[in-house]
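In case you want the letters, here they are:
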Amino acid sequence: MSKPSITYRDLRNTPGQVFERQRAGEALPLVAEGEAQAVLIPVQDGDVATALEAWNRGRALIALGR
């Protein structure tokens, strides 16, 4: 079983394993100093614009919920 998050070291030392997990559709929290700092999300078919749009919509929904 893979661990639920990755570290900067994982990304630097074993990027192939990180990308394999993303190809499987897994969103990966990026942890530094014991705290999540970012989330790496898979991009379908290289469509970065749609992924960023979805992220911005998600941020808006969170803001509305507050």
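All of these numbers come straight from a predicted model, not from anything done at the bench.

**Examining the pairing of strand β3 (residues 35-40)**
With respect to burial, β3 is a largely exposed element, only zero of its six residues being buried. The pairing of strand β2 (residues 28-32) with β3 spans five bridges and is antiparallel. In the strand pairing of β3, L28 is matched with L40.

**Section: the pairing of β2**
The element β2 is largely enclosed, with a buried count of four among its five residues. Where β2 folds back on β3, the antiparallel hairpin that results is connected by two residues, among which E33 adopts a positive phi of roughly 55°.

**Concerning the side chain of D10**
One can find D10 in helix α1 (residues 8-13). Judged by its relative accessible area of 18%, D10 falls in the buried class. Side-chain polar atoms of D10 contact the backbone nitrogen of T7, separated by 2.9 Å. Each residue touching D10, except ones within four places of it in the same chain, is listed here: K3, S5, P15 and V18.

What counts, and where the lines are drawn
Residues numbered from 1 in each chain as written. Predicted model: local features only at pLDDT ≥ 70, side-chain atom pairs only at ≥ 80, totals over all residues. Heavy atoms only, no water. Buried < 20%, exposed > 50% of the residue type's maximum accessible area, 1.4 Å probe, protein only. Helix = DSSP H or I, 4+ residues; strand = E, 2+ residues; numbered from the N terminus. Pairing = 2+ DSSP bridges. Polar contact = N/O pair within 3.5 Å; in protein donor to acceptor, adjacent residues only side chain to side chain. Contact = heavy atoms within 4.5 Å.

Nothing here speaks to function; it is all geometry.
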